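# Close look at the chain arrangement
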Amino acid sequence: MLKAIILIGGPQKGTRFRPLSLDTPKPLFPVAGRPLIAHHIEACVQVKELREILIIGFYPQTQMEGFVSDMQALYSSSNINIRYLQEFTSLGTAGGMYHFRDQIRAGNPRAFFVLNGDVCADFPLQELYSFHMERPASALVTIMSTEATRQQSLHYGCLVFDRASGAVSHYVEKPSSYVSTYINCGVYVCSMDIFTKLAQIFHAKCEEYSCISYSNGNGNGNGKDHGHIKWEQEVLTPLAGTDMLFAMPVPNWWSQMKTAGSAIYANRHYLDLYKRTHPERLANVGNKRGEGDGNLICTVYPDVYVHPSATVHHSAVLGPNVAIGPGVTIGPGVRIRESIVLEQAQIKDHTLILHSIVGRGCTIGAWTRVEGTPSDPDPNKPFAKMENPPLFNNEGKLNPSITILGCFVQIPAEKILLNSIVLPHKELSRSFKNEIIL
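Calculation rules
- Residues numbered from 1 in each chain as written.
- Predicted model: local features only at pLDDT ≥ 70, side-chain atom pairs only at ≥ 80, totals over all residues.
- Heavy atoms only, no water.
- UniProt positions renumbered as here; feature names shortened; annotations may be inferred.
- 1 Å grid on protein atoms, 1.4 Å probe; cavity = no way out; pocket = protein on both sides within 12 Å on 5 of 7 lines; lining within 4 Å.
- Points joined across faces, edges and corners; volume = space filled by probe spheres on them.
- Nonpolar A, V, L, I, M, F, W, Y, C, P; charged D, E, K, R; others polar.
- Helix = DSSP H or I, 4+ residues; strand = E, 2+ residues; numbered from the N terminus.
- Contact = heavy atoms within 4.5 Å.
- Buried < 20%, exposed > 50% of the residue type's maximum accessible area, 1.4 Å probe, protein only.
- Pairing = 2+ DSSP bridges.
- Disulfide = S-S within 2.5 Å.
- Salt bridge = Lys/Arg side-chain N within 4 Å of Asp/Glu carboxyl O.
- Phe/Tyr/Trp six-rings, centres within 6.5 Å; stacked < 30°, edge-to-face > 60°.
- Arc of directions from axis to C-beta.

In the annotation of an unreviewed UniProt entry, the entry for the protein chain reads Mannose-1-phosphate guanyltransferase alpha, and the organism field reads Drosophila arizonae. Comment text from UniProt for the protein chain, heading Sequence similarities (unreviewed entry), reads "Belongs to the transferase hexapeptide repeat family."

## So, empty space enclosed by the protein
Where empty space is left can be seen by rolling a probe of water-molecule size over the atoms. Within this structure, the stated rule accounts for 1 cavity of 30 Å³ or more. Space inside the largest cavity adds up to approximately 40 Å³. As for the largest cavity, its lining consists of Gly 261, Ile 264, Tyr 265, Arg 268, Glu 338, His 355, Pro 374, Ser 375, Asp 376 and Ile 402. In terms of residue class, the lining of the largest cavity is made up of 4 nonpolar, 3 polar and 3 charged.

## Focus: the side chain of His 40
Mapped onto the fold, His 40 is located in helix α1 (residues 36-45). Aside from chain neighbours lying at most four places away, what touches His 40 is Ile 6, Leu 115, Asn 116, Gly 117, Val 119 and Phe 123.

## A short note on the pairing of strand β6 (residues 111-116)
For a regular strand, side chains alternate in direction, first toward one face of the sheet and then toward the other. Burial analysis of β6 places 6 of its 6 residues in the buried class, which makes it a mostly covered element. Judged by which residues are buried, β6 turns out to be covered on both faces: Ala 111, Phe 113 and Leu 115 on one side and Phe 112, Val 114 and Asn 116 on the other are all buried. Pairing of β6 with strand β11 (residues 182-191), which is carried by 5 bridges, proceeds in the antiparallel orientation. Paired with Phe 113 across the bridge in β11 is Val 189.

## A word on the layout of surface pockets
Of the voids in this model, the second largest pocket is the one considered here, and its volume is about 510 Å³. If you trace the second largest pocket, you find 26 residues lining it, with Arg 16, Thr 259, Pro 389, Leu 391 and Ser 401 closest to the centre. For the lining of the second largest pocket, the class distribution of residues is 15 nonpolar, 7 polar and 4 charged.

## So, the state of the cysteines
For the structure shown, the criterion picks out 0 disulfides. With no disulfide of its own, Cys 407 lies closest to Cys 362 among cysteine sulfurs, the gap being 7.2 Å. Residue Cys 407 is classed as buried on the basis of its relative accessible area, which comes to 5%.

## Description of the pattern of salt bridges
Summed over all chains, the structure comprises 15 salt bridges. The salt bridge partner of Lys 3 is Glu 52, with a shortest N-O separation of 2.8 Å. Of this pair, Lys 3 sits in strand β1 (residues 2-9) while Glu 52 is found in strand β4 (residues 50-57), placing the two residues 49 residues apart along the sequence. Classification of Glu 52 as buried rests on a relative accessible area of 9%. Through salt bridges with shared partners, a single network forms among Lys 3, Glu 52 and Arg 83.

## Quick look at the side chain of Glu 232
In this structure, Glu 232 sits in helix α7 (residues 231-239). In contact with Glu 232, not counting residues within four places along its chain, are Thr 93, Asn 116, Tyr 171, Glu 173, Asn 184, Tyr 188 and Thr 237.

## Some remarks on the packing of aromatic side chains
Under the defined criterion, the tally for this structure stands at 8 aromatic pairs. With 5.1 Å between their ring centres and 85° between their planes, Phe 17 and Phe 29 make a pair best called edge-to-face. Linking Phe 17 in the loop between β1 and β2 (30-31) with Phe 29 in the loop between β1 and β2, this pair joins segments that are 12 residues apart in sequence. An angle of 35° between the planes, with centres 5.1 Å apart, marks the rings of Tyr 98 and Phe 202 as tilted.

## Points about helix α5 (residues 125-133)
All of the buried residues along α5 are Leu 125, Leu 128, Tyr 129, Phe 131 and His 132. Buried residues of α5, seen end-on, are gathered within an arc of 160° and therefore sit on one face of the element. In this structure, the buried side of α5 is in contact with β1, α1, β6, β8 (141-147), β11 and β12 (245-249).

Here it is in structure tokens:
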């Protein structure tokens, strides 16, 4: 038997994803028509022998229970149990696993997967597990690794490993100088003996902190619980060079979803994956010649996802890389490309939407232009990953990025919104460019 752990953090994380995470937890943000971690679950379900998926995080139970029950119902025929385990406080990337160790070890699984909730990928989990089982018995963790550019590698966990055996000899999280172009993808297979290492770290912390009494009562003087354990720095780094940590490089597509701009990039790749895994989810491609052309919703350039409950006028043009959520209404002559439109939004006649995310319940008036700046990786650089620049540049000006509308934003007719971020529940009365509308 196998299990999978999906680490989703908590509401204090994902601040760079605002305002989209103000009304929807980041792990549940729809990408290619499905909540982000639903793609993780879908990959886990394909693994033979996997019988339980545990989602660990600090989000309130009420925010996750609807999603978990939907996933449980969706995969009820697969005989897989899906549960959410809420941490009593933020415990770091490994503290939650140690805190819920009895739940993970229940049923005596042979091994378990660990997936970070903010990564997007074509997850080769079965291959990763097979690779791990072929390593020596001493192997505790196998990392899924990919290659980045030399400069971008500094923003990730970097690893040096033997290409023949996969043994990792050196691991540094976000190094200050160049170490390797091979980076940690945030996807792992762990042997059950890893809990012995986690226990050693936990008890060492308890002994260290028990020598000193702290007035704040939190146990370690920095506001964090004794059980707060950092997976990368406190577990992976010491394991390197001990013949217990291994890496499997993969050519598959991989990206992190740190900012809203990365959601559009991930959307494109998940839609592309649907062509191989779930072609029925994609809208039929072609030019709609009239209302009587029943094979097409409207004119569609690949790839496009349209929720069955959305209403799209036959004269609209969608794609490439467009996801339309449930209950959305798209009027005549609308043009949308490289964008995500969330549930219950209304896009009125002859509106143009480019490189943007339209939030839940937004209304965009007729003949309006909503446009952002694409932030895709440089196609001329091999292995380039998404850049996640700060919101403002050194001069205090807003960096060009996609346009984001928070939930229930209203834009009147004949307005232009360029490279701007609009917080929820705003009613705009004029055009904006390169601004944050608070």
